[in-house]
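A structural walkthrough
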Amino acid sequence: MTQLPLRAQLASALGRSAATLSRMTGRGDGSVIGGRVGLMLEPDLLRKLAHDRKLALVSATNGKTTTTRLITSALLDLGEVATNAFGANMPAGHVSALSQHKDAPYGVLEVDEKYLPEVLDTTGAGVVCLMNLSRDQMDRAAEIWLLAQKWRRALSGRPTHVIANCDDPLVTWGASTAAKVTWVAGGQRWKEDSWCCPECGGPLDRKDADWACRECTFHRPEPQWIVDDEAVIDPRGQRWLLDIQLPGQANRSNAVMALAVAEAFGLPVERALPRLREVTSVAGRYTMVERDGRHARLLLSKNPAGWLEAFDVADPRLPVILSVNAQGPDGRDTSWLWDVDYRILRGRPVFVTGERRLDLALRLDVAEVPFVLCETFSEALAMQPPGRVDVIANYTAFQQIRSEFGRAV
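In the annotation of an unreviewed UniProt entry, the entry for the protein chain reads Lipid II isoglutaminyl synthase (glutamine-hydrolyzing) subunit MurT, and the organism field reads Nonomuraea indica. What UniProt states about the protein chain under its Subunit (unreviewed entry) heading is, verbatim, "Forms a heterodimer with GatD."

Have a look at this one:
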């Protein structure tokens, strides 16, 4: 790799020192502050750190962190990989990740969907992975059609190789201006944000996985990769059993996206898939924690599409603790709770906590789901009999729970 200019070297070194100090003093994991310090000293640090690296950018509303981890695990077969493993997905986090692994020839960066055009322009990444777009952080996120439009503009005229989920019409529209697209039939469980054609506004007709606009030529592309229940069918028609440890259909889709990205880097399925099977948890997601004989599995769910996937993973035989906050990273508007169909929880013991527990309690009451209201997560956990329990929490509530158990990863 080309050596950094002296100013960039100094900025990167001071950023790493700030990150280390943050970790040592318990103020955080250092994944943001290090990048902020570096960018203050050298505003163009991200571009310089990205130079000469083979980079993949991963963006979506849901599944970014998990897919980033899966791709990283696969690419380790080729050499050292720089990555923002804990979800610091804006430029400061990217700077920190690339600084911490300054000699890594490869990089896999999770990117907030709003920042994708800026980060792509700055890094010149050769591969971009796009998985889904749905409503999220309703008080501060752009309308998702506008996000898809920004993706289209950012990708137009670039030589970037895009790996995109063709089952999501908005993702398909956003990716379709790219010079090279590998289409993946990754599935789309949540369809409530894509009943209209993003090209002309007409209705989309859906039949099974297929979709097409009734009023223009916009339609689902032919996929090269297909999620087939527990397996993947590759572009050559060969069927591979996934057999990954991460649970649920969404993670099987994430795994197939990761395999397609790995192949774009020249890594065949037979080398990538065994590494994907080694991943058991991602930044605390799916981790099992224990207290006083109670074994709690932690599931993250930030928006309606995410809750749908969490219900798919949750064990219907177990009690479930639900925790919702509305801090800045969550979005302060909790009206999205009314888009989630909680009736699936009927018949299960349900316990509600979090800073916005009353908002969630009202939603459950309207859905006729009996529940127990708890002041704290510790109180909710203490009410469980010894054994297993599922915990579904949105972002800051999830991080608070992780902190209670030492931020298990």
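Some words on the nonpolar core
In this structure, Leu57, Leu98, Leu130 and Val162 are the most contacted members of the largest nonpolar core, which totals 45 residues. For this core, the element with the most residues is helix H7 (residues 144-155), which contributes 6 residues. Excluding residues within four positions of it along the chain, leucine 98 makes contact with Leu46, Leu49, Ala50, Arg53, Leu55, Ala82 and Leu109. Core analysis: the second largest hydrophobic core is formed by 38 residues, Leu70, Val127, Cys129 and Val256 among them.

What about the pairing of strand E14 (residues 320-323)?
Burial along E14 is two-sided: Val320 and Leu322 and Ile321 and Ser323, pointing in opposite directions, are all buried. Direction of pairing for E14 relative to strand E15 (residues 350-353): parallel, over a ladder of 4 bridges. Following the sheet pairing, leucine 322 is matched in E15 by valine 352.

Digging into the domain arrangement of the protein chain
Domain boundaries assigned for the protein chain yield domain 1 (45-276) and domain 2 (288-404). A separation of 28 Å is found between the C-alpha centroids of domain 1 and domain 2. Contacts between the two partners involve 15 residues from domain 1 and, on the opposite side, 19 residues from domain 2. Interface area, domain 1 with domain 2, both sides summed: about 1500 Å², of which 52% is carbon and sulfur. At the boundary of domain 1 with domain 2, the tally comes to 3 salt bridges. Residue glutamate 309 pairs with arginine 189 through a salt bridge whose shortest N-O separation is 3.3 Å.

Considering the UniProt feature "active site" (unreviewed entry) in the protein chain
The UniProt feature table records "active site" (unreviewed entry) at Asp333. With respect to the element layout, aspartate 333 can be found in the loop between E14 and E15.

Focus: helix H2 (residues 33-41)
In an α-helix, one turn spans 3.6 residues, which is why side chains three or four residues apart end up on the same side. Among all positions of H2, only Gly34, Gly35 and Gly38 are buried. One face of H2 carries all of its buried residues, which in axial projection span an arc of 95°. Away from the buried face of H2 by more than 90 degrees, exposed residues Arg36 and Met40 are located.

Things to note about helix H12 (residues 357-366)
Among all positions in H12, only Arg357, Leu360, Ala361, Arg363 and Leu364 are buried. Considered in projection along H12, the buried side chains sweep an arc of 165° and stay on one side of the axis. Facing away from the buried side of H12 by more than 90 degrees, the exposed set consists of Leu358 and Asp365.

Looking at the packing of aromatic side chains
Applying the stated criterion across every chain yields a total of 7 aromatic pairs. With centroids separated by 5.0 Å and ring planes inclined at 45°, the aromatic side chains of tryptophan 211 and phenylalanine 218 adopt a geometry described as tilted. Note on tryptophan 211: relative accessible area 1%, which makes it buried. Both rings, one in tryptophan 307 and one in phenylalanine 311, keep their centres 5.8 Å apart while their planes meet at 65°; by these two values the pair is edge-to-face. One end of the pair, tryptophan 307, and the other, phenylalanine 311, are both in helix H11 (residues 304-313), 4 residues apart, so they sit about a helical turn from each other. Taken as a pair, tryptophan 307 and phenylalanine 311 share a single burial class, namely buried.

Quick word on the pattern of salt bridges
Scanning the model with the defined rule gives 25 salt bridges in all. Where arginine 236 meets aspartate 234, a salt bridge forms, and the shortest distance between an N and an O atom there is 3.3 Å. For arginine 348, the salt bridge identified is with aspartate 390, shortest N-O distance 4.0 Å. Placement of arginine 348 in the loop between E14 and E15 and of aspartate 390 in strand E17 (residues 387-393) is noted, with a sequence separation of 42 residues between them.

Section: the sheet that holds strand E1 (residues 54-59)
The mixed open sheet is built from 9 strands, whose spatial order is E2-E3-E1-E4-E5-E6-E9-E10-E11. Two strands lie at the open edges of the sheet, namely strand E2 (81-83) and strand E11 (239-241), each paired on one side alone. Sheet twist, expressed as the average angle between the axes of neighbouring strands with direction ignored, equals 20°.

Parameters at a glance
- Residues numbered from 1 in each chain as written.
- Predicted model: local features only at pLDDT ≥ 70, side-chain atom pairs only at ≥ 80, totals over all residues.
- Heavy atoms only, no water.
- UniProt positions renumbered as here; feature names shortened; annotations may be inferred.
- Core = buried A, V, L, I, M, F, W, Y, C linked by side-chain atoms within 4.5 Å.
- Buried < 20%, exposed > 50% of the residue type's maximum accessible area, 1.4 Å probe, protein only.
- Helix = DSSP H or I, 4+ residues; strand = E, 2+ residues; numbered from the N terminus.
- Contact = heavy atoms within 4.5 Å.
- Pairing = 2+ DSSP bridges.
- Domains from an automatic or database assignment.
- Buried area = accessible area lost by both parts, 1.4 Å probe.
- Salt bridge = Lys/Arg side-chain N within 4 Å of Asp/Glu carboxyl O.
- Arc of directions from axis to C-beta.
- Phe/Tyr/Trp six-rings, centres within 6.5 Å; stacked < 30°, edge-to-face > 60°.
- Axes fitted to C-alpha atoms, helices over the stretch in contact; angles between N-to-C directions.

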